[in-house]
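Observations on the three-dimensional arrangement
Here are the chains, one letter per residue:
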Amino acid sequence: MTPERAPLLEVRDLVAGYGAVQVLTGLDITVAEGEVAVMLGANGAGKTTTMRAISGMINRKGTITFRGEALTRRAPDEIVRMGIAQVPQGRGTFTDLTVEENLRAGAYVRKGSGIEADLEEWFGVFPRLRERRSQKAGGLSGGEQQMLAIARALMSRPKLLLCDEPSLGLAPIITQELFDVLKRLNTEQGLSILIVEQNANLALRIAHSVFVLETGSIVASGTAQEISNNDAVRTAYLGY
Ligand SMILES: Nc1ncnc2c1ncn2[C@@H]1O[C@H](COP(=O)(O)OP(=O)(O)O)[C@@H](O)[C@H]1O
Ligand SMILES: [Mg+2]
């Protein structure tokens with residue numbers, strides 16, 4: 001059993017979509033302080049829509065509470081300032097900017113102090129980004145761009161990192177490295193992480209809790225252990 005942790009993010013009855021198309025039909029998730037939560041779901045289930053709704057990129061209804069504060073009516077930049085940073089699906093790095101410029105862009109919600117120290121800290125966690133700090137992001141490998149996208153999000157000093165399909169298109173060994181870094185950020189820095197991931201087996205290895213999303217709502221949730229033992233989930237998402 002994982003010890004009882006305080007809730008950090010609470011999402012209740014979340015409804016969101018695009019225009020007349022309703023994608024999320026009443027979604028509930030809770031991410032506890034200091035925890036890695038993983039959301040599993042097939043293509044088109046609404047995983048990215050969930051991330052966008054939390055970070056304020058799309059209109060949504062329902063209740064989203066972060067550290068006890070309601071954020072359903074807040075704008076994306078306010079939500080970043082409250083402590084939630086999103087690493088979007090497809091990474092979203094600025095390919096024409098250098099690695100360092102991308103990282104500085106990630107600190108846009110902050111005032112000057114501490115930014116230089118943070119640059120050094122993340123270069124320590126991602127040494128290959130330091131080597132490439134003056135290169136254009138567009139010239140980096142897929143794995144390096146994903147690391148950059150994560151480091152850029154960390155520049156806002158989040159309490160909660162939203163990570164949307166970080167392993168998409170990456171070789172297994174790079175994916176492994178990426179998950180090792182996420183795990184370290186969680187254990188060493190106490191960063192809470194909500195990850196959407198197709199590679200369910202790998203994600204479950206670093207997860208404390210798991211949510212399974214099907215067509216706009218959560219159909220199963222539990223500890224990583226409980227979900228690994230759930231036959232239906234195993235067949236559908238874990239392939240054994
Ligand atoms: N910008 C958009 N406009 C209209 N429909 C969209 C848009 N983005 C996603 N959708 C639709 O919303 C549903 C959920 O998409 P998404 O949240 O991206 O799924 P997932 O990330 O789980 O693969 C899909 O049916 C998709 O076609
Ligand atoms: Mg998606």
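Rules used in this analysis
- Residues numbered from 1 in each chain as written.
- Chains lettered and ligands numbered in written order.
- Predicted model: local features only at pLDDT ≥ 70, side-chain atom pairs only at ≥ 80, totals over all residues.
- Heavy atoms only, no water.
- UniProt positions renumbered as here; feature names shortened; annotations may be inferred.
- Donors = N, O, S within 2.8 Å, 3.2 Å for Na, K, Ca; no water.
- Helix = DSSP H or I, 4+ residues; strand = E, 2+ residues; numbered from the N terminus.
- Buried < 20%, exposed > 50% of the residue type's maximum accessible area, 1.4 Å probe, protein only.
- Domains from an automatic or database assignment.
- Contact = heavy atoms within 4.5 Å.
- Buried area = accessible area lost by both parts, 1.4 Å probe.
- Salt bridge = Lys/Arg side-chain N within 4 Å of Asp/Glu carboxyl O.
- Pairing = 2+ DSSP bridges.
- Arc of directions from axis to C-beta.

You can read under Sequence similarities (unreviewed entry) in the UniProt record for the chain the words "Belongs to the ABC transporter superfamily."

Here we take up the coordination of the magnesium ion (ligand 2). The protein atoms that coordinate the magnesium ion (ligand 2) are Thr-48 (OG1) and Gln-89 (OE1), at distances of 2.0 to 2.1 Å. Separated by 41 residues along the polypeptide, Thr-48 in helix H1 (residues 47-54) and Gln-89 in the loop between strand E6 (84-87) and helix H3 (99-105) bring together distant segments of the chain. Judged by relative accessible area, Gln-89 falls into the partly exposed class, the value being 38%.

Quick look at the domain arrangement of the chain now. By the assigned domains, the chain splits into domain 1 (1-83 + 159-240) and domain 2 (94-157). Put simply, the middle of domain 1 and the middle of domain 2, counted by C-alpha atoms, are 23 Å apart. Taken together, the contact pairs 17 residues of domain 1 with 16 residues of domain 2. Buried surface at the junction of domain 1 and domain 2, both sides included, amounts to about 1,300 Å², of which 69% is carbon and sulfur. Where domain 1 touches domain 2, the interface holds one salt bridge.

Let's shift gears to the pairing of strand E4 (residues 60-66). Within a regular strand, the side chains alternate between the two sheet faces. Relative to E4, strand E1 (residues 7-18) is paired through six bridges, and the arrangement is antiparallel. Its bridge partner being in E4, Val-11 is matched across the sheet by Ile-64. Counting the residues that bridge the hairpin from E4 to strand E5 (residues 69-70) gives two residues, and of these Arg-67 lies at a positive phi of roughly 50°.

Once that is clear, we can look at helix H4 (residues 115-125). Of all the residues in H4, the buried ones are Ile-115, Asp-118, Leu-119, Trp-122, Phe-123 and Val-125. Summarising the axial view, the buried residues of H4 lie within an arc of 155°, below the 170-degree limit, and thus occupy one face. The elements touched by buried residues of H4 are H3, helix H5 (127-131), helix H6 (142-154) and helix H7 (172-189).

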